[in-house]
There are 2 protein chains.
Amino acid sequence: MKWKRSERLVDMTQYLLAHPHTLIPLTHFSSAYDAAKSSISEDLAIVKGTFEERGTGRLITVPGAAGGVKYIPDASREEAQEIIGDFMEALSDPGRLLPGGYLFMTDLLGNPGLMDRIGRLFAARYKDSDIDAIMTVATKGIPIAHAIARHLNVPVVVVRRDSKVTEGSTVSINYVSGSSRRIQTMVLSKRSMQSGQRVLLTDDFMKVGGTMNGMKNLLAEFDCEPAGVAVLVESEDVQEERLVEDYVSLVRLRQVNEKERTIELVEGNYFREGGN
Amino acid sequence: MKWKRSERLVDMTQYLLAHPHTLIPLTHFSSAYDAAKSSISEDLAIVKGTFEERGTGRLITVPGAAGGVKYIPDASREEAQEIIGDFMEALSDPGRLLPGGYLFMTDLLGNPGLMDRIGRLFAARYKDSDIDAIMTVATKGIPIAHAIARHLNVPVVVVRRDSKVTEGSTVSINYVSGSSRRIQTMVLSKRSMQSGQRVLLTDDFMKVGGTMNGMKNLLAEFDCEPAGVAVLVESEDVQEERLVEDYVSLVRLRQVNEKERTIELVEGNYFREGGN
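Residues numbered from 1 in each chain as written. Chains lettered and ligands numbered in written order. Predicted model: local features only at pLDDT ≥ 70, side-chain atom pairs only at ≥ 80, totals over all residues. Heavy atoms only, no water.

Examining the relation of the copies chain B and chain A
Here is step 1 of the chain: For the match of chain B to chain A, the screw axis carries a shift of 0.0 Å, the RMSD comes to 0.0 Å, and the turn is 180 degrees. Both copies are brought into coincidence by an operation consistent with a two-fold rotation axis.
Here is step 2 of the chain: Mapped onto chain A, 100% of the interface residues of chain B are again interface residues, and the two copies thus contact each other with one and the same surface. (Least-squares fit on C-alpha atoms with pLDDT ≥ 70 in both. Contact = heavy atoms within 4.5 Å.)

Following this line, the structure appears as structure tokens:
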């Protein structure tokens, strides 16, 4: 089959979106479509211009024999504000209030479209941060971790509370949970990480930051280092000092009034340069 | 901005891929690009032809005032065979053997690119099955459930082993695990499902099918019904009768020999019409 430019554009767009943060040699496209490299370069310029017009991503061209093109997912400020606004609106429904002042968020974490958009937001924020893996704690952080990981093209590592036979040998640590001050355990399969990796930590909710701090201690056991902390919702209701200072959040939970059934939310620090 | 056809094609492809199983009125595109409906129809014909050439998806056009276009993710037989082949090759590494004859799969479940491809496979298999939600049990089925859900545009419901305060009120059932014959508990937040939904069950591994059967019992509590069962790996090593007969699997684990350190795998029933 001889591909026309219009067909090549559709197919290349599809291929690039499925392979973020991956260097694709131009020969991949020129042989796939039986087209000259100069035509492929013209195609890529059109794709690049359209992605940039939308703010959904950048195409970076690496010149030379070992070069090619790389798609870097991005999000415009406008789009980020829209996503965060939608998320805040959904969260502010008083029907979400649970006994003890907790917010029901499970349905939002189970919404794959929302998770995909939020994943791209965080991937955009950390696009230049040289990240090797994403770490989260079971269970609720897993959809967020996977959504970010897909846009950064890195693996997900899931820390568990208990050890399972299907994990093989594990490393376990004890840590003090921030708010309840209880001793808790974190377990990670030894095969999950190599030493020297830079790891982005993520979770759905952060109060004092005990869980994040626990993950940092676990990283140290694997000779890895944190490359950032990404949370959906941070709580402002912190009596004691926060254990984690350098993080990026989408939404900040100001106050919950169980009696009046009100939830006060504000934008997180996503747009602030360098995070909190 | 006035969009050229080439730019429209790139942008439409991106939009359609981000909105699977969603009816998009043609006016959405004609107003976004300030273009005549006839031009949009011509654009869509090009996108449709390219997707079909690749086998990655179909575009369905619904005529009339309430009509539009719908992108249905698909997978060609060739691509399905390639994905399953890659997965089997990765799984057959003897280094995955764990004490007790278990296979280490956690790294594969943490690979977002692989999960995305596998998700599209299952979404293609169940594209006409009228599915309202995907259900799995924490923890390991979550990445698969989300990958399928994203391509089918339906929510994910995660069953837990324990009740958590952030889940609100819950429904819990006891069931007998298939292989160990132990009584186990499953808990699901009451807010997670509405009655009358058709639910696709999924998990990473299935032996006798006790967990799947437990989820079916849980569905009954919510007046919902199973619409299918999708598993990555099924085990052939079943002494007793399987509790679940109607399922789709990618890979079948024939035999594990701990002493010789060999793993015998064959293709699952994915390609068989109607599953097992």
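What to know about the packing of aromatic side chains
Here is step 1 of the chain: Going through the model one piece at a time under the given rule, you end up with twelve aromatic pairs over all chains.
Here is step 2 of the chain: Above the face of the B:Phe104 ring, A:Arg191 is positioned so that its terminal group lies 5.0 Å from the ring centre. (Phe/Tyr/Trp six-rings, centres within 6.5 Å; stacked < 30°, edge-to-face > 60°. Lys NZ or Arg CZ within 6 Å of the ring centre and 35° of its normal.)

Let's talk about empty space enclosed by the protein
Once rolled over the atoms, a probe with the size of a water molecule shows which space is left empty.
Here is step 1 of the chain: Here the structure, examined in full by the defined rule, presents three cavities of 30 Å³ or more.
Here is step 2 of the chain: When its volume is computed, the largest cavity comes out at roughly 130 Å³.
Here is step 3 of the chain: As for the largest cavity, its lining consists of 13 residues, and the residues nearest its centre are A:Thr106, A:Leu109, A:Thr139, A:Lys140 and B:Val158.
Here is step 4 of the chain: Broken down by secondary-structure element, the contributors of at least two residues to the lining of the largest cavity are helix 5 (106-109) of chain A together with helix 7 (142-152) and strand 6 (156-159) of chain B.
Here is step 5 of the chain: A per-element tally of the lining of the largest cavity places strand 6 of chain B first, with three residues. (1 Å grid on protein atoms, 1.4 Å probe; cavity = no way out; pocket = protein on both sides within 12 Å on 5 of 7 lines; lining within 4 Å. Points joined across faces, edges and corners; volume = space filled by probe spheres on them. Helix = DSSP H or I, 4+ residues; strand = E, 2+ residues; numbered from the N terminus.)

Looking at the sheet that holds strand 10 (residues 225-235) of chain B
Residue and element names in this part refer to chain B.
Here is step 1 of the chain: An order of 6-5-9-10-11-12 is seen for the six strands of this open sheet, with the pairing classed as mixed. Of all the strands in the sheet, the pair left with one neighbour each is strand 6 and strand 12 (262-267). Averaged over neighbouring strand pairs, the angle between their axes works out to 25 degrees when direction is ignored.
Here is step 2 of the chain: Bridge count between strand 10 and strand 11 (residues 248-257): five bridges; the pairing is parallel. The residue bridging Glu-234 from the neighbouring strand is Arg-252, located in strand 11. (Pairing = 2+ DSSP bridges. Axes fitted to C-alpha atoms, helices over the stretch in contact; angles between N-to-C directions.)

Regarding the UniProt feature "domain: Bacterial purine repressor N-terminal" (unreviewed entry) in chain A
Here is step 1 of the chain: The positions UniProt marks with the feature "domain: Bacterial purine repressor N-terminal" (unreviewed entry) are residues 4-73 of chain A.
Here is step 2 of the chain: Its end C-alpha atoms 26 Å apart, residues 4-73 of chain A is made of 57% helix and 17% strand. (UniProt positions renumbered as here; feature names shortened; annotations may be inferred.)

A word on the domain arrangement of chain A
All names here are of chain A.
Here is step 1 of the chain: Domain boundaries assigned for chain A yield domain 1 (5-73) and domain 2 (77-267).
Here is step 2 of the chain: Domain 1 and domain 2 are separated by 33 Å when their C-alpha centres are compared.
Here is step 3 of the chain: With seven residues of domain 1 at the contact, the number on the domain 2 side is nine residues.
Here is step 4 of the chain: Taken over both partners, the interface formed by domain 1 and domain 2 buries close to 660 Å², and the fraction arising from carbon and sulfur atoms is 53%.
Here is step 5 of the chain: Area buried by domain 1 at its contact with domain 2 is led by Pro-20, His-21 and Pro-73, which between them contribute 61% of it. (Domains from an automatic or database assignment. Buried area = accessible area lost by both parts, 1.4 Å probe.)

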